[in-house]
Amino acid sequence: MKMDEIPRRVHFVGIGGVGMSGLAQHLHNLGYVVTGSDRTESERTVALRKLGIEVHIGHNADNISNAEMVVRTSAVHTDNVEVATAMKQITTVVLREQLLGAIFNSFPTRVAVCGTHGKTTVTAMIHEILKRANVSHTALIGGVYRGNNYYCGSGVVVAEACEFNRSFLNLQPTVCVCLNAEYDHPDCYQDKEDARKAYAEFMRNTSEDGYVVLPYNLRSLCPYRKRVYYDKKAQATNVQLIDGKPSFNLVCDDGTRDTMQLGVLGSHNVNNALAAIAVARLLNIPFSAVKEALCAFEGVDRRWTERNVSGLGRVVVDYAHHPTEIACSVATARSITNGKVVCVFQPHTYSRTYAFFDEFATCFQDADLVAYLPIYSAREKPLAGVNSYLLAERARELNVNAVFCSDFEAAKHWIRGVVTADDVLLILGAGDVCELADML
């Protein structure tokens, strides 16, 4: 799909989603007539209305009466009343990633950030760098950063490239950033090799005169295009954590040397910063703007977001839902406390829980306590023999101090009984588990 194929009136089914709302804002800014619907009211639906976008709560066939195109996500199936009505009326129905591709590919300079972990953070880091350097750009971020997930400009676009359902194959970047390529989304990929093939295919989408930015250990995935190894172009030495925030000596291949202090917690963010630095150098951004941006970078909402809760010390909401991400969150928590690291985890999808069953136990081995909540099904139906009660039992077999909590109310009661003011409480997961923090 190309931009000139997008009709004037576009309706978004699930407009409150973080990916959908950014696209809706972009079309609205370009003068399209944008409407949308969602199951429930949210901060994003309220914000879209304030921009002048008509948003309906609840799905109804009448909501699309004037639409010439309907946009849906993979989570919205064709039996949705608005989608089904549109298909009967021969109204064009497209997936979110198809529209993202049309928008993204229309820019002359196109930066796409992919990876099993870190892509939202690095996309936001690059946006912050461009903003500090006064480079006009559009940013489409897979999370809320400084109050929004979308920023409007021209010339350059930076967007998160999601591997789910191979949706990133709709993008044709001039700068393709691949942070890592671990196995995830077992509902889409057969195994690790299948996932790596998809990442390699995406890298081949990079324009012939463009660059692929990746770590040296992924060099075999990209034997084509011009390659930049971000952990070789810029290296971090003498890494130290100051209240969890990394400080390091930066040495770049162009001779740049400096001391960096990041504004976000976790040693894993050093790698994220190196990737953002490499992209900035390709775009000829002055290093002064790069340093200023990374020192001021505050992190994306739900990516290690601290919440003030009376009597519970440091309470953190984190989107971590893969064993590798969880282990990083636990390690970060351990680095900032002499008290306990207490975790509440809501597994995301039955297929992922099944695929990483043991790993969802062992990733908590450095925590003191973990409570497993029922699985957030998202787009899936339950799988027989896959549930969080059994997961907690398996964790105990693997010497993890684990319990099962049947719902948020039970988790709240458990937290109040075990967490003290000296501890760090991690509330982990990609579903609605963030609501638990509000309950506390």
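Before reading on, note that the structure itself is shown above.
Definitions and limits used
- Residues numbered from 1 in each chain as written.
- Predicted model: local features only at pLDDT ≥ 70, side-chain atom pairs only at ≥ 80, totals over all residues.
- Heavy atoms only, no water.
- Helix = DSSP H or I, 4+ residues; strand = E, 2+ residues; numbered from the N terminus.
- Contact = heavy atoms within 4.5 Å.
- Polar contact = N/O pair within 3.5 Å; in protein donor to acceptor, adjacent residues only side chain to side chain.
- Buried < 20%, exposed > 50% of the residue type's maximum accessible area, 1.4 Å probe, protein only.
- Expected span 1.5 Å × (residues − 1).
- Pairing = 2+ DSSP bridges.
- Axes fitted to C-alpha atoms, helices over the stretch in contact; angles between N-to-C directions.
- Right-handed = clockwise from strand over helix to strand, strands pointing away.
- Salt bridge = Lys/Arg side-chain N within 4 Å of Asp/Glu carboxyl O.

Chemist: Teacher, can you tell me more about the environment of asparagine 63 here?
Modeler: Along the chain, asparagine 63 falls in the loop between strand 3 (54-57) and strand 4 (69-72). Between the C-alpha atom of asparagine 63 and that of valine 13, which follows or precedes it by 50 residues, the distance is 9.5 Å. Excluding residues within four positions of it along the chain, asparagine 63 makes contact with His11, Thr35, Ser37, His56, Gly58 and Glu82. Within the structure, the side chain of asparagine 63 is placed 3.4 Å from the side chain of histidine 56, a separation counted as a polar contact. Within the local environment of asparagine 63, its side chain forms a polar contact with the backbone oxygen of glycine 58, the two atoms lying 3.2 Å apart.

Chemist: I'm lost on unusual backbone geometry in this one. Help?
Modeler: Phi is mostly negative for residues that are not glycine, and the peptide bonds are mostly trans. With a phi close to 50 degrees, arginine 146 is a non-glycine residue in the positive phi region. Here asparagine 284, not a glycine, exhibits a phi torsion of approximately 60 degrees, which is positive. With respect to the helices and strands, the residue asparagine 284 is situated in the loop between helix 8 (268-282) and helix 9 (287-296). Classification of asparagine 284 as exposed rests on a relative accessible area of 68%.

Chemist: What is the right way to read helix 10 (residues 323-335) from this model?
Modeler: One turn of an α-helix holds 3.6 residues; hence residues three or four places apart share an orientation. Counted at 1.5 Å a residue, the expected span for helix 10 with its 13 residues is 18 Å, and the 18 Å between its end C-alpha atoms agrees. Pro323, Glu325, Ile326, Ser329, Val330, Thr332 and Ala333 are the residues of helix 10 that are buried. At its buried positions, helix 10 is contacted by helix 8, strand 17 (314-318), strand 18 (341-345), helix 12 (359-362) and strand 21 (424-428).

Chemist: What is the right way to read the pairing of strand 18 from this model?
Modeler: Look at any regular strand and the pattern is simple: side chains alternate between the two faces of the sheet. When you tally the buried positions in strand 18, you get five out of five residues, the bulk of the element. Pairing of strand 18 with strand 21, which is carried by five bridges, proceeds in the parallel orientation. Bridge assignment links valine 342 to a residue of strand 21, and that residue is leucine 425.

Chemist: Help me out: how do you make sense of the sheet that holds strand 3 in this one?
Modeler: In a beta sheet, neighbouring strands are held together by backbone hydrogen bonds and run either parallel or antiparallel to one another. Read from one edge to the other, the open sheet built from five strands follows the order 3-2-1-4-5, with strand pairing classed as parallel. Each edge of the open sheet carries a strand with a single partner, namely strand 3 and strand 5 (92-95). Taken over all neighbouring pairs, the strand axes of this sheet differ in orientation by 20 degrees on average, direction set aside. As judged from the four bridges shared by strand 2 (residues 33-38) and strand 3, these two strands associate in the parallel manner.

Chemist: How should I be thinking about the sheet that holds strand 12 (residues 226-229) in this particular structure?
Modeler: Read from one edge to the other, the open sheet built from seven strands follows the order 8-7-9-6-10-11-12, with strand pairing classed as mixed. With partners counted over all chains shown, the strands left at the sheet margins are strand 8 (148-151) and strand 12, one partner each. Strand-to-strand, the axes of this sheet are offset by a mean angle of 15 degrees, without reference to chain direction. Pairing geometry for strand 11 (residues 211-214) and strand 12, over four bridges, is parallel. The residue of strand 12 that forms the bridge with valine 212 is arginine 227. Its contacts with the sheet put helix 6 (residues 192-204) on strand 6 (109-114), strand 10 (175-178) and strand 11, and the angle it makes with strand 10 is roughly 160 degrees.

Chemist: In this structure, what is going on with the pairing of strand 1 (residues 9-13)? I would like to understand it.
Modeler: For strand 1, a buried count of four out of five residues is recorded, marking the element as mostly surrounded by other parts of the structure. Note that the unit made of strand 1, helix 1 (residues 18-29) and strand 2 has a crossover that is right-handed. Summarising the sheet, strand 1 and strand 4 pair through three bridges and their orientation is parallel. By the bridge assignment for strand 4, histidine 11 is matched with valine 70.

Chemist: I tried to follow the pattern of salt bridges on my own but got confused; where do I start?
Modeler: Should the charged atoms of two oppositely charged side chains come close, the side chains can pair. In total, this model carries 19 salt bridges according to the counting rule given. Across the pair glutamate 128 and arginine 146 runs a salt bridge whose closest N-O atoms are separated by 3.2 Å. One end of the pair, glutamate 128, is in helix 5 (residues 119-132); the other, arginine 146, is in the loop between strand 7 (137-145) and strand 8, with 18 residues separating them in the sequence. The exposure class assigned to arginine 146 is partly exposed, which follows from its relative accessible area of 36%. The partner of arginine 281 in a salt bridge is aspartate 254, with the nearest N and O atoms 2.5 Å apart.

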